[in-house]
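Next come the chains, spelled out residue by residue.
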Amino acid sequence: MGSKEVAAAALTVAVTPDRDSESAVKLKLREQGLAVAAVDFGGDFIGSINRIIEHAIVAAKRERLIGECHAEEGAVAGAAREAISQIMPKAVGLNVGGKIAVARGDDHISVAAFFAVGLVHLNEIAVGLGHRALGGKND
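Being a predicted model, the structure only gives us computed values, none of them experimental. (Residues numbered from 1 in each chain as written. Predicted model: local features only at pLDDT ≥ 70, side-chain atom pairs only at ≥ 80, totals over all residues. Heavy atoms only, no water.)

Asker: I'm lost on the packing of aromatic side chains in this one. Help?
Answerer: Each pair of aromatic rings is reported with the distance of its centres and the angle of its planes. Scanning all chains against the criterion turns up 2 aromatic pairs. On the numbers, 5.0 Å between centres and 65 degrees between planes, the contact of Phe-41 with Phe-115 is edge-to-face. Placement of the pair is Phe-41 in strand E1 (residues 35-44) and Phe-115 in strand E3 (residues 108-119), with a sequence separation of 74 residues. Relative accessible area serves as the criterion here: at 12%, Phe-41 is assigned to the buried category. (Phe/Tyr/Trp six-rings, centres within 6.5 Å; stacked < 30°, edge-to-face > 60°. Helix = DSSP H or I, 4+ residues; strand = E, 2+ residues; numbered from the N terminus. Buried < 20%, exposed > 50% of the residue type's maximum accessible area, 1.4 Å probe, protein only.)

Rendered as structure tokens:
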């Protein structure tokens with residue numbers, strides 16, 4: 001399983017519209033050897049950054065994508081931070097809401113963030129994607 005497939009899995013789950021479709025997609029991906037976790041979030045962007053990263057780590061542990069290993073937790077945190085930083089120019093000073101998804105296949109971890117950014121119903125949509133490799137084979 002390569003980084004491209006893992007990144008696509010994270011993006012696919014991040015954009016699911018509801019829990020039922022998320023569960024169906026996760027089941028399909030699991031059959032392909034990919035593990036995926038997702039969590040919804042919302043609030044002031046700057047105030048939410050740490051919580052979003054923490055929620056990504058907790059969701060990855062809950063779904064057994066990672067263990068209690070410092071390197072695996074750091075990989076999820078780093079990939080989540082990368083995904084969030086790609087959206088930062090659009091989101092600073094505004095509210096965000098959406099979903100962050102973590103996918104793992106072999107030694108690859110990808111985090112995709114799907115955000116609605118704005119005020120009330122005047123939203124922009126933004127997507128960020130981060131990736132980390134945990135050693136092992138090269139691809």
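Asker: Hey, could you run me through the sheet that holds strand E2 (residues 95-105) in this one?
Answerer: Either a parallel or an antiparallel arrangement is found when strands of a sheet pair, and the pairing is made through backbone hydrogen bonds. Sheet architecture is open: 4 strands sit in the order E1-E2-E3-E4, paired in antiparallel fashion. Every interior strand has two partners, whereas the edge strands, E1 and strand E4 (122-133), have only one. Between one strand axis and the next, the sheet turns through 15 degrees on average, direction left out of account. Pairing of E1 with E2, which is carried by 10 bridges, proceeds in the antiparallel orientation. Paired with Ala-37 across the bridge in E2 is Val-102. Lying over the sheet, helix H1 (residues 3-14) contacts E1, E2, E3 and E4, oriented at roughly 35 degrees with respect to E3. Relative to the sheet, helix H2 (residues 19-31) contacts E1 and E2, its axis offset from that of E1 by approximately 150 degrees. (Pairing = 2+ DSSP bridges. Axes fitted to C-alpha atoms, helices over the stretch in contact; angles between N-to-C directions. Contact = heavy atoms within 4.5 Å.)

Asker: How should I be thinking about the environment of Asn-50 in this particular structure?
Answerer: Secondary-structure assignment places Asn-50 in helix H3 (residues 45-62). For Asn-50, a relative accessible area of 55% translates into the label exposed. Along the primary structure Asn-50 and Arg-81 are separated by 31 residues, whereas in three dimensions their C-alpha atoms are 9.0 Å apart.

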